[in-house]
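# Reading the structure
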Amino acid sequence: MAGLATAFGSGAMTNSMDDIAANAQAMFVIGSNTTEQHPVFGTMIRRAVRQRGVKLIVADPRRIDLVDFAVLHLQQKPGTDIALLNGLMYIILEKGWEDKEFIAARTEGFEAFKETVMRYPPEKVSEITGVPVEKLYQAAEIMGTVKPMAVMWAMGITQHIIGTQNVLNLANLQMLLGNMGVPGGGTNPLRGQNNVQGACDLGGLPNVYPAYQKVTSEEARKKFEAAWGVPLAPHVGMTVTEMMPGILEGKIHALYILGEDPIMSDPHTEHIRECLEQVDFLLLQEIFPSETSHYADILLPGATFAEKTGTFTNTERRVQMVHQAIEPPGEARPDWWITMELAKRLLEGRVLAPDAPYASWEYSSTRDIMKEINALAPSYGGITHERLEAGERLQWPCPDENHPGTPILHVGKFARGLGKFHPIEHIPPAEEPTDDYPFVMSTGRVLYHWHGGEMTRRAKGIMQVYGQALIEINPEDAERLGLDGGKRVRVTSRRGSIEAEAWVTERVPPGMVYANFHFPDASANELTQAVLDPVAKIPEYKVTAVKVEVVGETAGATRSKV
Ligand SMILES: Nc1nc2c(c(=O)[nH]1)N[C@H]1C(S)=C(S)[C@@H](COP(=O)(O)OP(=O)(O)OC[C@H]3O[C@@H](n4cnc5c(=O)[nH]c(N)nc54)[C@H](O)[C@@H]3O)O[C@H]1N2
Ligand SMILES: Nc1nc2c(c(=O)[nH]1)N[C@H]1C(S)=C(S)[C@@H](COP(=O)(O)OP(=O)(O)OC[C@H]3O[C@@H](n4cnc5c(=O)[nH]c(N)nc54)[C@H](O)[C@@H]3O)O[C@H]1N2
Ligand SMILES: [Mo]
């Protein structure tokens, strides 16, 4: 839930959910299992389709539930989104459906981009992606003629070595169509953790201070040094995915982990075990004795969301108040309080300028912390507890007390001036199927569980509905392997092996299996590998080459539908 130093996810929605639900005429959902992972917005999308006849296109290697509401399902092979998008943009250009006025007035770099796209004719794209040429034409026609179209994506787009390029290519698509800065359009990454947006906004990243002020900017550094009264490092820090191997390289000696469960959620679990065994000191701040707690030297009990007061910033940059409903049990304390007490002890005698306005670490509540945020993070300047308490629905940027907040970004102008087209070439995933590992495994979540399952596996009702890991496999493959529906499978990659019950289902195409990381005894991360996107440092969780074997009978019959 906290996910503070996380490398996952990127950017922010340019449009709000209400706006998209009310104004989009077409929607393109790519790499987002919206009804299971963002059920509130998923419901809004379904309603828009049913009540307003919105044309929904879903691009996902799996037949997810949202496909039932789509006019078109593009079922690309995992890791081929660049080729897919280039192919669609090729057709849009071929037919003259691009927004010439928008391109001329608001963008740059179009010619170089066009040159690249023109190397992706539909036949070639169909070969790379497995999507029939005819469907490419149908999709391009909807995109080119139905305006505005909103694009939504999630981890199916970002968890690749080409995650950043996928995102840039979706921005290319929306600029090409002139769908930026308008109601019902935009580029809309659906953020995952309930406060991952807030954590990034407030500097929970290695390269920025609060409100994305760069650590490498001398001006920004001076500003925060003056505010906090301590010297600050002028260089970019490490992401989680760099810290873990950093332990074995002798670069990292101690870890302070708040609300992350790397044994469950980081790629290649065996490697993570080795790293956590090696690290000299591990301080873990948790609400439960998680799988990672076995490696902790000290466990500090945090209070849960219901036991503390503060704000969460959601996927559409909206800051929301949450009030304490119950008392924390035992010695549990709110995370901010624990961090404050640690900081006071660490900084004793070390603050150079004790008179600096925020040097003391004296906060009596999150209201005090918000005042500091208002003063130091310009986009949060006017988002006060008082206004939120009064019921205002504020989305940043909201620079001052009189500002109403900003529901849509980039109206009239992009943050950097002109929007830049980026030429993007297809790069295959790091691991492709071979004779030894003939299946592609993709990984993700199910509706009923939350990541490592530390919270959801402790809920009896949920365990009654979904009580063990299931591996999704296509009926054709199941038959070929001799899997009659009542058997377990062993899935093996170059890094490890898991055994679990198979869920024989048309949700996955032949040649693909889908696994989750909700259960420690069969976590997909035993198999995944820590290859990273070079920019965002996000691991390629969505493509792993595996083999699948049948291992024997199970007691109960396998469900065909959960
Ligand atoms: N119930 C529940 N809800 C959650 C969470 C949870 O654990 N449980 N976690 C939250 C968090 S932190 C996050 S980040 C979000 C994640 O939300 P999502 O990203 O929607 O969820 P995922 O299950 O990771 O996978 C998304 C989709 O990507 C598809 N996919 C796989 N490979 C590819 C590919 O190569 N290209 C494309 N285009 N698609 C591909 C998968 O088939 C899947 O349908 O969910 C949030 N919501
Ligand atoms: N194979 C595979 N692996 C993945 C992904 C994937 O799609 N496939 N997705 C990745 C993504 S997008 C994400 S976001 C990560 C998520 O990975 P994690 O962040 O590790 O998972 P969570 O279960 O959300 O949270 C971790 C811990 O926070 C604790 N916690 C909850 N509330 C609080 C609180 O208020 N205070 C404190 N101190 N602790 C709290 C919970 O008990 C839990 O053990 O997983 C990543 N791993
Ligand atoms: Mo996430």
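Residues numbered from 1 in each chain as written. Chains lettered and ligands numbered in written order. Predicted model: local features only at pLDDT ≥ 70, side-chain atom pairs only at ≥ 80, totals over all residues. Heavy atoms only, no water.

## A few points about the packing of helix α4 (residues 81-94) against helix α8 (residues 133-145)
Rule in force here: For helices, the fitted axis covers only the stretch in contact; all axes are lines through C-alpha atoms, and the angles between them, taken along N-to-C directions, range from 0 to 180 degrees. Under the DSSP-based scheme used, a helix requires at least four consecutive residues in state H or I and a strand at least two consecutive residues in state E, with every element numbered from the N terminus. Definitions for this section: a left-handed crossing has its near helix turned counterclockwise from the far helix by less than a right angle. A right-handed crossing has that turn clockwise. Should any heavy atoms of two residues lie within 4.5 Å, those residues are considered in contact. Each residue is assigned to one class: nonpolar for Ala, Val, Leu, Ile, Met, Phe, Trp, Tyr, Cys and Pro, charged for Asp, Glu, Lys and Arg, and polar for all the others, Gly among them.
Remark: α4 packs on α8, axes separated minimally by 9 Å, with the N-to-C direction vectors making an angle of 65 degrees. Crossing hand, α4 versus α8: right-handed. Within the contact between the two elements, α4 uses L84, L88, I91, I92 and E94 and α8 uses L136, Y137, A139, A140 and M143. Residue composition of the contact of α4 with α8, grouped by class: nine nonpolar, no polar and one charged.

## Structural notes on the environment of S497
Applied cut-off: Burial classes: relative accessible area under 20% of the type maximum marks a residue as buried, over 50% as exposed, and values in between as partly exposed (1.4 Å probe, protein chains only). In the analysis that follows, any N or O atom pair within 3.5 Å is treated as a polar contact, provided that within protein one partner can donate a hydrogen and the other can accept it, and provided that, for residues neighboring in sequence, both atoms belong to side chains.
Inspection of the secondary structure assignment puts S497 in strand β18 (residues 497-504). On the accessibility criterion, S497 (39% relative accessible area) is partly exposed. As a C-alpha pair, S497 and L282 span 215 residues in sequence and 27 Å in three-dimensional space. Those residues in contact with S497, other than ones at most four positions away along the chain, are R490, V491, T492 and L527. A polar atom in the side chain of S497 sits 2.8 Å from the side chain of T492.

## What to know about the pairing of strand β12 (residues 310-313)
Rules: Two strands pair if DSSP finds at least two bridges between them.
As judged from the four bridges shared by β12 and strand β13 (residues 319-322), these two strands associate in the antiparallel manner. Each bridged residue has a counterpart across the sheet, and for T313 the counterpart in β13 is V319. The hairpin turn running from β12 into β13, its antiparallel successor, is five residues long, and R317 in that turn takes a positive phi close to 65 degrees.

## Here we look at the site of ligand 1
Worth spelling out the cut-off: Proximity is defined per residue: any heavy atom of the residue falling within 4 Å of a molecule or strand makes that residue near it. In these tables, accessible area is a Shrake-Rupley quantity obtained with a 1.4 Å probe, and a residue counts as shielded only by the protein chains included in the view. Segmentation into domains, and thus their bounds, comes from an automatic or database assignment.
For ligand 1, the set of nearby residues contains 32 residues, the closest of which are Q37, D60, G79, R445 and H449. Between ligand 1 and M155, the relevant distance is 2.7 Å, taken from an oxygen atom to a main-chain nitrogen or oxygen of the residue. Alone, ligand 1 offers 910 Å² of accessible surface; in the complex the protein occludes 96% of this. Elements with a minimum of two residues in the shell around ligand 1: α2 (34-37), α9 (155-158) and β15 (439-444). Classifying every residue of the shell around ligand 1 gives eleven nonpolar, 15 polar and six charged. A domain-level breakdown of the shell around ligand 1 finds at least three residues from each of domain 1 (17-190) and domain 3 (439-561).

## What to know about the packing of helix α13 (residues 240-248) against helix α15 (residues 269-278)
Geometrically, a packed helix pair is captured by the angle between its two axes and the distance between the axes. The criterion, for reference: Any angle that is under 35 degrees is reported as roughly parallel, and any over 145 degrees as roughly antiparallel; angles of 65 to 115 degrees are reported as roughly perpendicular and all others as oblique.
One can describe the packing of α13 onto α15 by two numbers: an axis separation of 8 Å at closest approach and a directional angle of 60 degrees. By the angle between their directions, the pair α13 and α15 is classed as oblique. Where α13 crosses over α15, the handedness of that crossing is left-handed. On α15, the residues touching M244, P245, I247 and L248 of α13 are H271, I272, E274, C275, L276 and Q278. Tallied by class, the residues present in the contact of α13 with α15 amount to seven nonpolar, two polar and one charged.

## Let's talk about α15
For the record, the criterion: By construction, the arc corresponds to the directions joining the helix axis to the C-beta atoms.
If you check which residues of α15 are buried, you get T269, H271, I272, C275 and L276. All buried residues of α15 fall inside an arc of 155 degrees around its axis, so they share one side. When the buried face of α15 is taken as reference, the exposed residues oriented beyond 90 degrees from it are E277 and Q278. On the buried face of α15, the contacting elements are α13, β9 (254-258), α14 (262-265) and β10 (281-286).

## Brief notes about the sheet that holds β10
Here three strands make up an open sheet; going across it, the order is β9-β10-β11 and the pairing parallel. Only two strands of the sheet have a single neighbouring strand rather than two, namely β9 and β11 (298-301). Strand-to-strand twist across the sheet, computed as the mean angle between neighbouring axes with direction ignored, equals 15 degrees. Both β10 and β11 contribute to a ladder of four bridges, which runs parallel.

## Side note on the domain arrangement of the protein chain
Condition: Here the buried area means the combined drop in accessible surface, using a 1.4 Å probe, for two parts upon being joined, counting both sides. A side-chain nitrogen of Lys or Arg and a carboxyl oxygen of Asp or Glu constitute a salt bridge if their distance falls within 4 Å.
Splitting the protein chain by domain gives domain 1 (17-190), domain 2 (196-395) and domain 3 (439-561). Computed from C-alpha coordinates alone, the two centres of domain 2 and domain 3 are separated by 32 Å. Every contact between the two is made by 17 residues of domain 2 and, on the other side, 19 residues of domain 3. The junction of domain 2 with domain 3 conceals about 1500 Å² of combined surface from both sides, 58% of it contributed by carbon and sulfur atoms. Counting the surface domain 2 buries against domain 3, the share from its top three residues, M264, P267 and H268, is 38%. Taken together, the connections running from domain 2 to domain 3 amount to two salt bridges.

## So, the sheet that holds strand β1 (residues 26-30)
Read from one edge to the other, the open sheet built from five strands follows the order β3-β2-β1-β5-β6, with strand pairing classed as parallel. Where the open sheet ends on each side, the last strands, each with one partner, are β3 (72-74) and β6 (187-189). Taken over all neighbouring pairs, the strand axes of this sheet differ in orientation by 20 degrees on average, direction set aside. Examined bridge by bridge, β1 and strand β5 (residues 149-153) share five bridges and lie parallel to one another. Bridge pairing in β5 links I30 to W153. Along the sheet, α8 makes contact with β1, β2 (55-59), β3 and β5, crossing β3 at roughly 120 degrees. With respect to the sheet, helix α10 (residues 163-176) is in contact with β1, β5 and β6, its orientation differing from that of β5 by roughly 175 degrees.

## Observations regarding the site of ligand 2
Taken together, 28 residues surround ligand 2, and among them S265, E286, D335, H451 and N525 come closest. Between ligand 2 and the protein, one listed contact pairs a nitrogen atom with a backbone N or O atom of Q285 at 3.0 Å. K308 is positioned with one of its side-chain polar atoms (N or O) 2.8 Å from an oxygen atom of ligand 2. Its free accessible area being 920 Å², ligand 2 has 97% of it covered by the protein chains.

## Observations regarding the confidence of the model for the protein chain
Worth spelling out the cut-off: One confidence number per residue, pLDDT, is output by the predictor and ranges from 0 to 100.
Looking at the protein chain, the pLDDT average stands at 93 and 96% of residues meet or exceed 70. For the stretch residues 1-10, pLDDT sits under 50, and the model shows 41 contacts to residues farther than four places along the chain or on other chains.

## Some details on the pattern of salt bridges
Applying the stated rule across the entire model yields 29 salt bridges. Between D335 and K308 there is a salt bridge whose closest N-O contact spans 2.8 Å. Residue D335 is found in helix α16 (residues 335-347), and its partner K308 is found in the loop between β11 and β12; the two are separated by 27 residues along the sequence. D335 gets classed as partly exposed once you look at its relative accessible area, which sits at 22%. A salt bridge links E362 to K344; the shortest N-O distance between them is 3.5 Å. One end of the pair, E362, is in the loop between α16 and α17 (366-376); the other, K344, is in helix α16, with 18 residues separating them in the sequence. Here the salt bridges share partners, and the residues they tie into one network are E36, R62, D65, E472 and R507.

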